[in-house]
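Observations on chain architecture
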Amino acid sequence: MMSLCRNLAVLLLFLIASPLPHSNLFTHATSTTAPATRPRIIFLTGIGSEGDDDDDDYDYEKPTVPTQVVKSVQNPLVHQAPKLCHYDFCLENQEPCDQISAKTGCLCPGVSGGDQPPHSPRIQELVPITRGGDRGKIEIRWCAPSSVVTGYKVVIEGGEVLEFEDVSRRGLVRSMEVGTNVCVEAVNGAGHSIPSDFSCMRYEYPESSDHKLLAGIIGGGVALLLVLIIAAVILWKHQMRKKSKRDSANGLGNPSYSTEGTL
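This is a predicted model, so every value here is computed, not measured.

The rules we used
Residues numbered from 1 in each chain as written. Predicted model: local features only at pLDDT ≥ 70, side-chain atom pairs only at ≥ 80, totals over all residues. Heavy atoms only, no water. pLDDT = per-residue confidence, 0-100. Contact = heavy atoms within 4.5 Å. Helix = DSSP H or I, 4+ residues; strand = E, 2+ residues; numbered from the N terminus. Polar contact = N/O pair within 3.5 Å; in protein donor to acceptor, adjacent residues only side chain to side chain. Disulfide = S-S within 2.5 Å. Buried < 20%, exposed > 50% of the residue type's maximum accessible area, 1.4 Å probe, protein only.

1. Re the confidence of the model for the protein
Per-residue confidence for the protein gives a mean pLDDT of 75, with 62% of residues at or over 70. In the model, residues 45-53 has pLDDT below 50 throughout and makes 1 contact with residues more than four positions away in sequence or in other chains.

This is the structure we're talking about:
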């Protein structure tokens, strides 16, 4: 029994001391056994809970998103009011506003299109001509509407109608009686404007400068006369008051004269 145990111990030491059989055995075991790999799971950021013990057996790989550095360009926002076109609706023979806008990029006031009847123009004044070859006639002045206009008509009460070009802002008409109604109408391909309170005016002959001067002189003279009359009345009352005081003082200062006279 002791010899058997001794033989087994010797055999075991021999196997341990011999490198060849051990290395072959290890190499064979390595080549025949498939390497154990852990499953690879990719999680998106924010999914799953941190600190979970069950996740220790897996490798985590976060998706790499390429970052692009964008330089911020700060453009100051400047709030500018729209640039309006230099267009005067009352100025005669000027370039149309739409042509000015096409050249400069400015903004025209709201203008109705040519497919709609134009708005009413605004009549400014009726001025009688007192000098030159047109003496006795009346000049009508008006302002254009915010519409497409191809021409104007001046309608005088009584049926007379005069036509003018679209660039016109004034026109001469015959002499008329005071109180005659005059209207200016705008016209385009869609029709004409409707007469209104600001597109019509009654003719009233204005006062001349000579008449105004005469009225001023008369008014000044009347005012001066009234001042003199008031001053004379005040002075007369003052004199009468002084006289009454003097008379009363003289009567009280000599009482003996009245006594002797009675005796």
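Resuming the write-up.
2. As for the side chain of Ser 199
Within the secondary structure, Ser 199 sits in the loop between β9 (191-192) and β10 (200-202). Among the polar contacts listed, one links the side chain of Ser 199 to the backbone nitrogen of Ser 196, at a separation of 2.8 Å. Leaving out residues up to four positions away in the same chain, Ser 199 has contacts with Ser 120, Pro 121, Ile 123, Val 182, Cys 183, Val 184 and Ile 194.

3. Overview of the state of the cysteines
Within the structure shown, the criterion is met by 3 disulfides. At a sulfur-sulfur separation of 1.8 Å, the disulfide partner of Cys 85 is Cys 106. The sign of the S-S torsion, about 95°, decides the handedness of the disulfide formed by Cys 85 and Cys 106: right-handed. Placement of Cys 85 in the loop between β2 (59-60) and α3 (97-104) and of Cys 106 in the loop between α3 and β3 (122-128) is noted, with a sequence separation of 21 residues between them. You can call Cys 106 buried: its relative accessible area is 4%. Paired through a disulfide, Cys 183 and Cys 200 show a sulfur-sulfur distance of 2.0 Å. With the S-S bond torsion at 110°, the cross-link from Cys 183 to Cys 200 turns out right-handed. Placement of Cys 183 in strand β8 (residues 181-188) and of Cys 200 in strand β10 is noted, with a sequence separation of 17 residues between them. For Cys 183, a relative accessible area of 10% puts it in the buried group. Judged by its relative accessible area of 16%, Cys 200 is buried.

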